[in-house]
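# Coordinates in review
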Amino acid sequence: MLKYLWKISLFVALLVLSGGAITSEITHAQSSPEAVTCEQEVVVQADDWLSKIAEKAYGDVLAYPAIAEATNLKNTEDESFAQIENYDLIEVGWKLCLPSVADAETLLDFALAAPEVTPSESEPVSTDVGRLVLATTTSTENSGLLAAILPDFEAKYGASVEVIAVGTGQAIELGENGDADVVLVHARDREDAFVDAGYGVNRQDVMYNDFVLIGPEADPAGIKGMTDVAAALTQIAETNSLFISRGDDSGTHIKEQTLWQATGLPLDEVKDLEDPEKITYKPQGDWYQSIGQGMGATLTIANEQQAYTLSDRATYLARTLEGIDLVILVEGDSRLFNPYGVIAVNPELHPTVNAEGAAAFIDWMTSLETQQLISEFGVAEFGQPLFVSDSAAWNAAK
Amino acid sequence: MNDLIQGIIQAFEIILSLNSALYEIIWLSLAVSGIALLFSTVLGIPLGAAMAMARFPGRRLMTALLYTGMGFPPVVIGLFVYLMLSRSGPAGQLGWLFTPKAMIVAQTIISFPLVAGFTMAAVMGVDPQLRRQLMSLGATPWQATVTILLEAKIGVIVAIVAGFGAIISEVGAVMLVGGNIEGKTRVLTTAIVLETQKGNFDLAIALGLVLLFLSFLVNVALLRLQGRAFS
């Protein structure tokens, strides 16, 4: 009981710590000019955050590292300026240096969205788009991403978005039946089939999240830092290290099977008792345990047994807040990516859909500003983003 | 409805297919619940009999606790056993979590109050004069107790049947402490949950029928023990 009270208070403390602040782990300035001139000097007041001051001065919460860098640079020549070691921690009475916009941009190495430009850029639609039905997967809803970014769309376009969060298959079906105006899903093959069959138009890449191979810190298979996920799995198999599989025919389980197939190891082919066409692949040996449960239970069991497992990053990160001590060992292999696409439902097939709204949504979703929001989502809470922006515009700007 | 009929047909096909994975699951279900029932019988019948016959301070409180235990949610017991056996729990060194041992522990705790409680009720229903009469005829306290238990045989067997019914059909606790690991801790109830979640209703129904049938067989066997009482 005590243990749980402790956990709950830890969780609350983490929330308090992370609320409002953005952890310092996101990109600090790459280039540091020799000297900096302060356009403005600000003394920290109660309830000030660097990001809050940045928002006031530059109209961009993400400009806060520029203030910190400039202040630290000033501190070397004038000690009345504060020395900021942790960007999340500033104290009342500290003197900060706010550089000019141009200097800030140099410090940050990215362009600031100046507040006076924003409104004209972001209102390309003259009329309100109204009610828009978005069919999407549970991951975008459950991770809190949509709740974080949709208010921006609704404000800019006068829209009210109704989110229907279901499995990818069902989301696509809603689009096929014209029950949704726009779909946001992650199953490339089915997305393409959806467009090829004429149900959808204007498919755009939006973002991806990824799977990570996690395991005990001791890492008995010695896979830490490997970039080839198939090679890492082979090593787990060869060292007979315990591996927990979801084994529940979920997207993660299907992904895991394709990764095992990529290893070239001999696999058992288990025919489904009900549907002999369907085959489950699994490696041979007692070290491989299939538990047939959801991601949460799988992480709990892997943590208890100090075993390896495959998890989506968001669920893993969320569980680290509750004290699982497994660590990410392999990440970044393109085979671990899980790309999301946004598709408008074809208005020629279903004249009743909100085509204008869907087009606006796709423009907005792939715009630089929204992509920036996506790339920031989760950073405050977990120290790393949950989704990686991937729209054509974003990649071009990079 | 179609699902159900199709499920029943397929159930027999699957059962007759002698699929080894299925028989492993059936065998484990029976083994885990059987051993747990054995433990709870060995513990529960003496305790129930003692509480019915002996007079000691705190008996009323103990009775209340026992009755509470009879209605205790199995999943809460599962949670308790999980926390005890967890790596960070007091009995973590045993390494029992996610093994059949953990499932037996949980099921013993679930079924033992049922066995003890029903035994107590059955023994209390025996004429209190009987014990005095037996003692006056020269029986030792042990002999008297055994005779009274035999007299209460029907009730005691009901106690065992109730204990078995509670654990063979239980899913929450064994899922928590067993982990539903294929070929290791997967039993009929957790397999039913899994197949239902996968949308394999036919297979889920088949497993459900197997469970019903097993339960029926075990109860028939126990009733045969009761045998003469019905004639």
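Report follows, based on the coordinates.

Thresholds applied
Residues numbered from 1 in each chain as written. Chains lettered and ligands numbered in written order. Predicted model: local features only at pLDDT ≥ 70, side-chain atom pairs only at ≥ 80, totals over all residues. Heavy atoms only, no water. Helix = DSSP H or I, 4+ residues; strand = E, 2+ residues; numbered from the N terminus. Buried < 20%, exposed > 50% of the residue type's maximum accessible area, 1.4 Å probe, protein only. Contact = heavy atoms within 4.5 Å. Areas by Shrake-Rupley, 256 points an atom, 1.4 Å probe, with all protein chains shown as cover. Phe/Tyr/Trp six-rings, centres within 6.5 Å; stacked < 30°, edge-to-face > 60°. Lys NZ or Arg CZ within 6 Å of the ring centre and 35° of its normal. Salt bridge = Lys/Arg side-chain N within 4 Å of Asp/Glu carboxyl O. Buried area = accessible area lost by both parts, 1.4 Å probe. Polar contact = N/O pair within 3.5 Å; in protein donor to acceptor, adjacent residues only side chain to side chain. 1 Å grid on protein atoms, 1.4 Å probe; cavity = no way out; pocket = protein on both sides within 12 Å on 5 of 7 lines; lining within 4 Å. Points joined across faces, edges and corners; volume = space filled by probe spheres on them. Patch = residues over 30% accessible without salt bridge, like charges linked within 9 Å, V, L, I, M, F, W, Y side chains within 5 Å. Nonpolar A, V, L, I, M, F, W, Y, C, P; charged D, E, K, R; others polar. Axes fitted to C-alpha atoms, helices over the stretch in contact; angles between N-to-C directions. Parallel < 35°, antiparallel > 145°, perpendicular 65-115°, else oblique. Pairing = 2+ DSSP bridges. Left-handed = near helix turned anticlockwise from the far one by under 90°.

## Digging into the overall build of chain B
On a plain count of helices and strands, chain B comes out with eleven helices and zero strands. When the elements of chain B are put in sequence order from the N terminus, they spell out α-α-α-α-α-α-α-α-α-α-α. Within the span of chain B, comprising 231 residues, buried residues form 44% of the whole. Long-range contacts, defined as pairs at least 24 residues apart, comprise 71% of the intrachain contacts of chain B with a sequence gap of at least 6. Carbon and sulfur atoms provide 72% of the accessible area of chain B, an area that totals close to 11900 Å².

## Concerning the packing of aromatic side chains
Residues and elements named next belong to chain A. A complete count under the given rule lists 13 aromatic pairs over all chains for this structure. With a centroid separation of 5.7 Å and 80° between ring planes, the pair formed by tyrosine 340 and phenylalanine 387 is classed as edge-to-face. A residue pair is termed long-range when its members are at least 10 positions apart, and tyrosine 340 in strand β13 (residues 337-345) and phenylalanine 387 in the loop between α16 (379-382) and β14 (388-389) qualify at 47 residues. For the pair phenylalanine 361 and tryptophan 364, a centre-to-centre distance of 5.7 Å together with 40° between the ring planes defines the contact as tilted. Within this pair, phenylalanine 361 and its partner tryptophan 364 are both found in helix α14 (residues 355-366), separated by three residues, close to a single helical turn. What makes phenylalanine 361 buried here is its relative accessible area of 0%. One aromatic cluster in this structure is built from Phe153, Tyr157, Phe361 and Trp364. Directly above the aromatic system of phenylalanine 81 lies the positively charged group of lysine 95, at a separation of 4.6 Å from the ring centroid.

## Focus on the pattern of salt bridges
Residues and elements named next belong to chain A. A complete count under the given rule lists 14 salt bridges over all chains for this structure. Note that arginine 335 and aspartate 228 form a salt bridge whose closest N and O atoms lie 2.8 Å from each other. In this pair, arginine 335 is assigned in the loop between β12 (327-330) and β13 and aspartate 228 in the loop between β6 (200-215) and α10 (229-238), connecting sequence segments 107 residues apart. Using a relative accessible area of 33% as the deciding quantity, one classes arginine 335 as partly exposed. For arginine 313, the salt bridge goes to glutamate 331, with nearest N and O atoms at 2.6 Å.

## Observations regarding the interface of chain B and chain A
If you look at the interface, chain B gives 23 residues, while chain A gives 21 residues. In total, about 1900 Å² of surface goes out of reach between chain B and chain A, with carbon and sulfur atoms giving 46% of it. Of all residues in chain B, Arg87, Phe98 and Glu182 of chain B bury the most surface against chain A, accounting for 28% of the area lost on that side. Between chain B and chain A we count two salt bridges in total. On the surface where chain B and chain A come into contact, there are eight residue pairs in polar contact (both at pLDDT 80 or more). Only α1 (2-16), α4 (74-85) and α11 (201-226) of chain B provide two or more residues apiece to the side of chain B that touches chain A.

## A closer look at empty space enclosed by the protein
Residues and elements named next belong to chain B. Following the criterion strictly, the structure yields two cavities of 30 Å³ or more and no others. For the largest cavity, the calculated volume is near 60 Å³. Ranked by the residues each element gives to the lining of the largest cavity, the list is headed by helix α2 (residues 20-53), at three residues.

## With respect to helix α13 (residues 313-320) of chain A
Because an α-helix completes one turn every 3.6 residues, residues spaced three or four positions apart along the sequence face the same direction. Every buried residue of α13 of chain A is accounted for by Arg313, Ala314, Tyr316, Leu317 and Arg319 of chain A. Each element contacted by the buried residues of α13 of chain A is listed here: β6, α12 (295-305), β11 (308-312), β12 and α16 of chain A.

## What about a nonpolar patch on the surface?
A surface patch of nonpolar side chains, about 400 Å² in accessible area, is lined by Leu4, Ile8, Phe12 and Leu16 of chain B. Relative to the assigned elements, phenylalanine 12 of chain B resides in helix α1.

## Quick word on the layout of surface pockets
Residues and elements named next belong to chain A. Computed from the structure, the second largest pocket encloses a volume of approximately 1100 Å³. Around the second largest pocket, the lining comprises 35 residues; the ones closest to its centre are His186, Phe211, Gly251, Thr252 and Asn338. Mapped by element, the contributors of at least two residues to the lining of the second largest pocket are α6 (138-142), α8 (168-176), α9 (188-196), β6, α11 (251-263), α13 and β13. For the lining of the second largest pocket, the element with the most residues is α11, which contributes five residues. Among the residues forming the lining of the second largest pocket, the class breakdown is twelve nonpolar, 16 polar and seven charged.

## What about the packing of α10 of chain A against α11 of chain A?
Residue and element names in this part refer to chain A. Axis separation between α10 and α11 bottoms out at 8 Å; the angle between their running directions is 80°. Classed by the angle they form, the pair α10 and α11 counts as roughly perpendicular. Residue-level inspection shows Val229, Ala230, Leu233, Thr234 and Ala237 of α10 in contact with α11, the latter providing Leu259, Trp260, Ala262 and Thr263.

## Quick word on unusual backbone geometry
Only a minority of non-glycine residues have a phi that is not negative, and only a minority of peptide bonds are not trans. The phi angle at asparagine 202 of chain A is positive, at roughly 60°, despite the residue not being glycine. Within the fold, asparagine 202 of chain A resides in strand β6. Of note, the phi angle at phenylalanine 98 of chain B is positive, near 65°, even though the residue is not glycine. Here phenylalanine 98 of chain B is to be found in the loop between α4 and α5 (100-124).

## Considering the pairing of β13 of chain A
Residues and elements named next belong to chain A. The element β13 is extensively covered by neighbouring structure, given that seven of its nine residues are classed as buried. In this sheet, β13 lies alongside strand β5 (residues 182-185) in antiparallel orientation, the contact comprising four bridges. Along β13, the bridge assignment pairs leucine 184 with valine 342.

## Notes on the packing of α4 of chain B against α5 of chain B
Residues and elements named next belong to chain B. Between α4 and α5, the shortest axis-to-axis distance is 9 Å and the interhelical angle comes to 135°. Classified by the angle their axes make, α4 and α5 are oblique. As for the relative orientation of α4 and α5, their crossing is right-handed in sense. From α4, Pro74, Ile77, Val81 and Leu85 reach across to α5, where they touch Ala102, Val105, Ala106, Ile109 and Ile110. Per-class residue counts for the contact of α4 with α5 are nine nonpolar, no polar and no charged.

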